[in-house]
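Inside the fold
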Amino acid sequence: MKSENIYIVWAHPRTDSLTARVVEEIQGEAAAQGMRSTTLDLYRRGFNPVLETADEPDWKNPDKHYSEQVQQLFGELQDKDTLVVVFPVWWYSFPAMIKGWIDRVLNYGLAYGGGRKIPVSRIRWVALVGGSGDKFAANGWEENLSHYLNTMVRYIGVEDSAVTFLYNTIGVEEGIDNRQQHYDALFSQARGMVKGLR
Ligand SMILES: Cc1cc2nc3c(=O)[nH]c(=O)nc-3n(C[C@H](O)[C@H](O)[C@H](O)COP(=O)(O)O)c2cc1C
């Protein structure tokens, strides 16, 4: 059986963040499962999320040659089966870095359009949420964000998409007596997502 090849895109200004730690856990579990993984650390790569003219789609020309950075980053997806996107939830959504990667890299004529298709067949989103799951779900955000993310990727032909929410990352909500234990539970949830890819 062909081994799974995972591409992990993540965004956080700090490499000592919980988000970065979750990425390490995902990589560790992928290795433990005999899967290959590659990461794209958007901040350290110096990625610019702003879409300029060079990367604006030309709807009449799916063969448009986009900027070097976009060609390079789309190329990195070529041999991958699963895309994992890890991010802290900022204002009930993903950080601008992730939005910019989607806008620029999953471009017309590359990821979709003109008979083209993104090489990955599965997408897993891992969203770190500062507040509690109860409040997030009660306000409809778990459903809204899941619906948005899972439906959006149908546009690029990916039906197999799921979101893992890691709650209480700030750790100040009631009911968390042992913060380390809580973080360990979040890491194990992230690892469980990887196990589910087998
Ligand atoms: C700009 C900004 C917006 C945020 N918006 C939300 C939010 O909408 N809901 C929430 O629960 N937490 C929110 N948070 C908290 C982050 O989700 C939290 O800091 C993050 O999950 C912790 O992971 P980290 O240590 O890797 O940053 C926000 C944080 C920032 C910096």
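Above: the structure in question.
Residues numbered from 1 in each chain as written. Predicted model: local features only at pLDDT ≥ 70, side-chain atom pairs only at ≥ 80, totals over all residues. Heavy atoms only, no water.

Turning our attention to the site of the ligand. The ligand sits among 15 residues. The nearest are His12, Thr19, Val89, Trp91 and Thr169. Separating an oxygen atom of the ligand from a side-chain N or O atom of Thr19 is a distance of 2.6 Å. Burial of the ligand by the protein amounts to 71% of the accessible area it has alone, namely 630 Å². Looking at side-chain class alone, the shell around the ligand contains nine nonpolar, six polar and no charged residues. (Near = heavy atom within 4 Å. Polar contact = N/O pair within 3.5 Å; in protein donor to acceptor, adjacent residues only side chain to side chain. Areas by Shrake-Rupley, 256 points an atom, 1.4 Å probe, with all protein chains shown as cover. Nonpolar A, V, L, I, M, F, W, Y, C, P; charged D, E, K, R; others polar.)

At Tyr92, a position not held by glycine, the phi torsion is positive, near 60 degrees. Along the chain, Tyr92 turns up in the loop between strand E3 (82–88) and helix H3 (96–105). The phi angle at Asn168 is positive, at roughly 60 degrees, despite the residue not being glycine. Structurally, Asn168 can be placed in the loop between strand E5 (160–166) and helix H6 (179–195). Of the residues examined, Asn168 reaches a relative accessible area of 10% and is grouped as buried. (Helix = DSSP H or I, 4+ residues; strand = E, 2+ residues; numbered from the N terminus. Buried < 20%, exposed > 50% of the residue type's maximum accessible area, 1.4 Å probe, protein only.)

Strands belonging to one sheet form pairs held by backbone hydrogen bonds; the direction of such a pair is parallel or antiparallel. Here we have five strands laid out as an open sheet, ordered E2-E1-E3-E4-E5, and parallel in their pairing. Each of the sheet's edge strands pairs with one partner strand only, and the pair in question is strand E2 (36–41) and E5. The average angle at which neighbouring strand axes cross in this sheet is 15 degrees, direction not considered. Of the strand pairs in this sheet, E3 and strand E4 (residues 122–128) are connected by seven bridges, and their pairing is parallel. Note that in E4 the partner of Val85 across the bridge is Trp125. Packed on one face of the sheet, helix H5 (residues 141–152) meets E3, E4 and E5 and runs near 150 degrees to E5. (Pairing = 2+ DSSP bridges. Axes fitted to C-alpha atoms, helices over the stretch in contact; angles between N-to-C directions. Contact = heavy atoms within 4.5 Å.)

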